[in-house]
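Structural description and commentary
One letter stands for each residue in the lines below.
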Amino acid sequence: MRRQKFYQITVSSENRVADIIIYGDITSFATDLTRWYGDDENIAEVASRQIIKEINDLDVDTINVYINSYGGEVAEALAIYSALKRHSASVHTFCDGFACSAATIIFCAGDVRTMGSIALMMIHNCMSYLGYANSNEMRKAAEDNDKINQSSIEAYKLVSNLSEEEIRRMMDNATWLTAQECLEYGFATEVADMEEDDAEVQQSAFGMIRQAILNSQWQVDLSPIMQKLTKLQEQIEALQKEDDDQDPDEDDPDNDDPDDPEEDPDDEDDDKGNTKEKAKRFFNFMFS
């Protein structure tokens, strides 16, 4: 009986775009867990050796990486990070929910890094399990952890505007960062819901759809479904771009009317409510 995979890679050959969805823990044990228990929906593990070959084989111009993960092993995350950085394609990472611990390293691999408006990121110092150990082994483990931490720090320094000392202090405090803080510190280049309403609906709806598909118990190959979803999203983006190009008033200073009344602040709340309602309707339409 065929079960869902614990990660998903879909490719749109026509648009030369690949989507990688990492929803689960990043661990070298993923292969063993899958072999022992099958691709059960409760075993959401991602191993670098199972993804890197597929990343290396991708013949695309853009790679989108969607992340919702508590983290895992630093070594696995570093390998995925390196594979994404090494690839010739433009990499766009999205934090759909949580990007914690080792998952933050993968998030930082993006040339463009998008946080959902209510997504969270958490950075901390790495940890090791010693079991029975003498004092020399404990001291060595502490020294090793410091070196492992440095790898994460270097990845953070490449994207953030923080000093190494500030990054270390955040890691020491196991710091949780909101989407806005990620944008302020440079970990993210944008927050999805800061865009126009249509972009908000698209990000929210497609995020809900992806999660529903990956969490479903369908006993079918999900690749065709995910490919159709990717194509639909690309078509919506193309229509949005076409609409923007045809808007004669956009960015035209001659059309500014100084006598226009100021925007009613209540309108902004109404817009947010409408955005959520649109996302719900789109989701219900796709799955009803």
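The paragraphs below set out a description of the structure included in this document. The structure displayed is predicted, hence computed values, not measured ones.

Calculation notes
- Residues numbered from 1 in each chain as written.
- Predicted model: local features only at pLDDT ≥ 70, side-chain atom pairs only at ≥ 80, totals over all residues.
- Heavy atoms only, no water.
- Helix = DSSP H or I, 4+ residues; strand = E, 2+ residues; numbered from the N terminus.
- Buried < 20%, exposed > 50% of the residue type's maximum accessible area, 1.4 Å probe, protein only.
- Contact = heavy atoms within 4.5 Å.
- Areas by Shrake-Rupley, 256 points an atom, 1.4 Å probe, with all protein chains shown as cover.
- Polar contact = N/O pair within 3.5 Å; in protein donor to acceptor, adjacent residues only side chain to side chain.
- Core = buried A, V, L, I, M, F, W, Y, C linked by side-chain atoms within 4.5 Å.
- Salt bridge = Lys/Arg side-chain N within 4 Å of Asp/Glu carboxyl O.
- Phe/Tyr/Trp six-rings, centres within 6.5 Å; stacked < 30°, edge-to-face > 60°.
- Pairing = 2+ DSSP bridges.
- Right-handed = clockwise from strand over helix to strand, strands pointing away.

Assigned secondary structure in the protein consists of 10 helices and 10 strands. Within the protein, the proportion of its 288 residues that are buried is 42%. For the protein, the share of sequence-separated contacts (at least 6 apart) that also reach a separation of at least 24 residues comes to 70%. For the protein, the accessible area works out to roughly 16,400 Å², and carbon and sulfur atoms hold 48% of it.

Time to look at the side chain of H87. By the secondary structure assignment, H87 is in the loop between α3 (74-86) and β6 (90-100). Residue classification places H87 among the buried positions, given a relative accessible area of 12%. A polar side-chain atom of H87 sits 3.0 Å from the main-chain amide nitrogen of A89. Residues contacting H87, with those up to four places away along its chain left out, are I55, L58, V60 and I63.

With that out of the way, let us pick up unusual backbone geometry. One non-glycine residue, R16, lies in the positive phi region at around 55°. Along the chain, R16 falls in the loop between β1 (8-12) and β2 (17-22). Residue R16 is classed as partly exposed on the basis of its relative accessible area of 28%.

Take the nonpolar core next. Grouped together as the largest cluster of nonpolar side chains are 50 residues, with contacts concentrated most on I20, I63, V65, L84, I106, M115 and F187. For this core, the leading source of residues is α3, giving 6 residues. Other than its neighbours up to four places away in sequence, F187 contacts F107, C108, R113, M121, I123, Y156, V159, S160, L162, L177 and C182.

With that out of the way, let us pick up the pattern of salt bridges. Across all of its chains, the model carries 8 salt bridges by this definition. Two residues, E164 and K157, come together in a salt bridge whose shortest N-O distance is 2.9 Å. On the basis of relative accessible area, E164 is assigned to the partly exposed category, the value being 27%. The closest approach of N and O atoms between R169 and E165, which form a salt bridge, is 3.8 Å. Here the residue R169 and the residue E165 both occupy positions in helix α6 (residues 164-172), the gap between them amounting to 4 residues, near one helical turn.

On to the packing of aromatic side chains. Overall, the coordinates contain 4 aromatic pairs when judged by the stated rule. Residues Y66 and F94 carry aromatic rings whose centres are separated by 4.6 Å and whose planes lie at 15° to one another, so their mutual orientation is stacked. Taken as a pair, Y66 in strand β5 (residues 62-69) and F94 in strand β6 lie far apart in primary sequence, 28 residues in all. For the residue pair Y66 and F94, the accessibility class agrees, reading buried in each case. Note on Y70 and F98: the rings are 5.5 Å apart at their centroids and 80° apart in plane angle, and the pair reads as edge-to-face. Placement of the pair is Y70 in the loop between β5 and α3 and F98 in strand β6, with a sequence separation of 28 residues. Residue class for Y70 comes out exposed when judged on its relative accessible area of 60%.

With that settled, consider the side chain of S69. Along the polypeptide, S69 turns up in strand β5. Judged by its relative accessible area of 2%, S69 falls in the buried class. Here G71 takes part through its backbone nitrogen, which lies 3.0 Å from a polar atom of the side chain of S69. Residues contacting S69, with those up to four places away along its chain left out, are G24, D25, I26, F98, A99, C100 and A103.

Counting buried positions along β5 yields 6 of 8 residues, so the element is predominantly enclosed. Note: β2 against β5, 6 bridges, orientation parallel. Residue I21 lies in a different strand from β5, and its bridge partner there is Y66. Examined bridge by bridge, β5 and β6 share 7 bridges and lie parallel to one another. By the bridge assignment, V65 is partnered in β6 with T93. Handedness of the crossover is the feature at issue here: the chain leaves β5, passes through α3, returns alongside β6, and the resulting connection is right-handed.

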